[in-house]
Amino acid sequence: MELSITQPDDWHLHLRDGELLDAIVSHSSNNFGRAIIMPNLKPPVTKTSEAMAYRESILKALPESSNFIPLMTLYLTDTTTPHEIRLARESGVVYAVKLYPAGATTNSQHGVTDLFGKCLPVLEEMVQQNMPLLVHGEVTSPDVDVFDREKLFIDEVLSPLIRKFPRLKVVMEHITTTDAVKFVESCYDGFVAATVTPQHIALNRNSLFQGGLQPHSYCLPVLKRETHRRTLVSAVTSGSKKFFLGTDSAPHERRKKESSCGCAGIYNAPVALSVYAKIFDEVISVKISCFLLQSSLILDVIK
């Protein structure tokens, strides 16, 4: 028997630039039809013209036979203007704006320092232009435990944002907690959704320390408890349209990962689909086993 599936899209992908882009782009283009491309380069992609130039670099790096389509994003800063949002919409190649709280993750030092104090005109324009906001959902205060940063972001930033702009389309990226799942489920359909990575449904935080410190399992948001992982698996296998595939595949040079201050990010592009498939297969197998067990118990009662 042969099983065929529609080629999926990756709604959260880091392709980097330069030699690293040339080396890894085919790992995504071979598996995915389209991808939302993250803008946290050095320097970041903050202008529509820069996004268009970056898109051309990606297209040139693709294998000749590839039909892969990169969907570009802008990096939101304290000085982004409503005019830039209009240019982005008119370009036909920029599909979203990415919010990195300053200092939250790799190359986020140029990110937003005061969302409500400095970005309200931009957010208002995004509503008018129907431009989605892609959110790295963590607070960055050093006083907050790293495992609590997603929950506090929901409470202190995301919930107030949704109340103030109920028609702003928001994607909470790479969610990691039960709190995030419950929040997304509680929001109106069509306005708030979330991407889920293969690592966050396959691994828990024990994976960071098994047999010693494991730098290649280190990403941000950091892996969480097993209870959170199970909630994520339930969400992605529930059939809800609010949760969808975003690998957050993030390549780094080995020397930068295996160092005294290793970079955050898991490079999963070559294996992401296999990991998703494995998780879904495990869930289906468990459901079938439970169904068969339940059927046997009913038969025993009937007898």
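What counts, and at which threshold
Residues numbered from 1 in each chain as written. Predicted model: local features only at pLDDT ≥ 70, side-chain atom pairs only at ≥ 80, totals over all residues. Heavy atoms only, no water. UniProt positions renumbered as here; feature names shortened; annotations may be inferred. Helix = DSSP H or I, 4+ residues; strand = E, 2+ residues; numbered from the N terminus. Pairing = 2+ DSSP bridges. Right-handed = clockwise from strand over helix to strand, strands pointing away. Axes fitted to C-alpha atoms, helices over the stretch in contact; angles between N-to-C directions. Contact = heavy atoms within 4.5 Å. Salt bridge = Lys/Arg side-chain N within 4 Å of Asp/Glu carboxyl O. Buried < 20%, exposed > 50% of the residue type's maximum accessible area, 1.4 Å probe, protein only. Phe/Tyr/Trp six-rings, centres within 6.5 Å; stacked < 30°, edge-to-face > 60°. Lys NZ or Arg CZ within 6 Å of the ring centre and 35° of its normal.

Q: How do you make sense of the UniProt feature "domain: Amidohydrolase-related" (unreviewed entry) in the protein chain when you look at a structure like this?
A: The sites that carry the UniProt feature "domain: Amidohydrolase-related" (unreviewed entry) are, in the present numbering, residues 10-276. Regarding residues 10-276, the helix share stands at 37% and the strand share at 13%, and the terminal C-alpha atoms are separated by 12 Å.

Q: What's the story with the pairing of strand β1 (residues 10-13) in this structure? I'm lost.
A: Sheet faces and side chains relate simply in a regular strand, where the side chains alternate between the two faces. Relative to strand β2 (residues 34-37), β1 is paired through 2 bridges, and the arrangement is parallel. The partner of Leu13 across the bridge, within β2, is Ile37. The parallel pair β1 and β2 is bridged by helix α1 (residues 18-29), and the resulting crossover is right-handed.

Q: Help me understand the sheet that holds strand β5 (residues 133-135) in this model?
A: Either a parallel or an antiparallel arrangement is found when strands of a sheet pair, and the pairing is made through backbone hydrogen bonds. Read from one edge of the open sheet, 8 strands run β1-β2-β3-β4-β5-β6-β7-β8, paired in parallel fashion. On the outer flanks of this sheet lie β1 and β8 (243-245), each paired with one strand and no other. Taking each pair of neighbouring strands and ignoring which way they run, the sheet shows an average axis angle of 30°. When strand β3 (residues 69-75) meets strand β4 (residues 94-99), the two strands line up parallel, connected through 4 bridges. Each bridged residue has a counterpart across the sheet, and for Thr73 the counterpart in β4 is Ala96. Where helix α2 (residues 48-61) meets the sheet, it contacts β2, β3 and β4, and its direction lies at approximately 150° from that of β3. Here helix α7 (residues 178-186) sits on the sheet and contacts β6 (170-172), β7 (192-196) and β8; the angle it forms with β7, its principal contact strand, is near 145°.

Q: Which parts of the structure should I look at to understand the pattern of salt bridges?
A: If you walk through the whole model with that rule in mind, you get 13 salt bridges. Close ionic contact of Glu253 with Lys256 constitutes a salt bridge, the shortest N to O distance being 3.9 Å. Given the relative accessible area of 37%, Glu253 is considered partly exposed. Taken together, the shared-partner salt bridges connect Glu226, Arg229 and Arg230 into one network.

Q: What am I meant to see in unusual backbone geometry here?
A: For residues that are not glycine, phi is negative in most cases, and the peptide bond is trans in most cases. In the segment running from Lys42 into Pro43, the intervening peptide bond is cis, with an omega of -5°. A cis geometry characterises the amide bond from Leu220 onward to Pro221, with omega recorded as 0°. The backbone of His174 sits at a positive phi, close to 40°, despite the residue not being glycine.

Q: It is not clear to me how the packing of aromatic side chains should be interpreted in this structure. Could you clarify?
A: Aromatic ring pairs are defined here through the distance separating the ring centres and the angle between the ring planes. Evaluation of the coordinates by the stated rule reveals 1 aromatic pair. When the ring of Tyr75 is compared with that of Tyr100, the centres are 5.3 Å apart and the planes differ by 40°; the resulting orientation is tilted. Note that Tyr75 is positioned in strand β3 and Tyr100 in the loop between β4 and α4 (115-118), a separation of 25 residues in sequence. Of the two residues examined, Tyr75 and Tyr100, each falls in the buried class. Here the basic side chain of Arg205 rests over the ring of Phe147, its NZ or CZ set 4.6 Å away from the ring centre.

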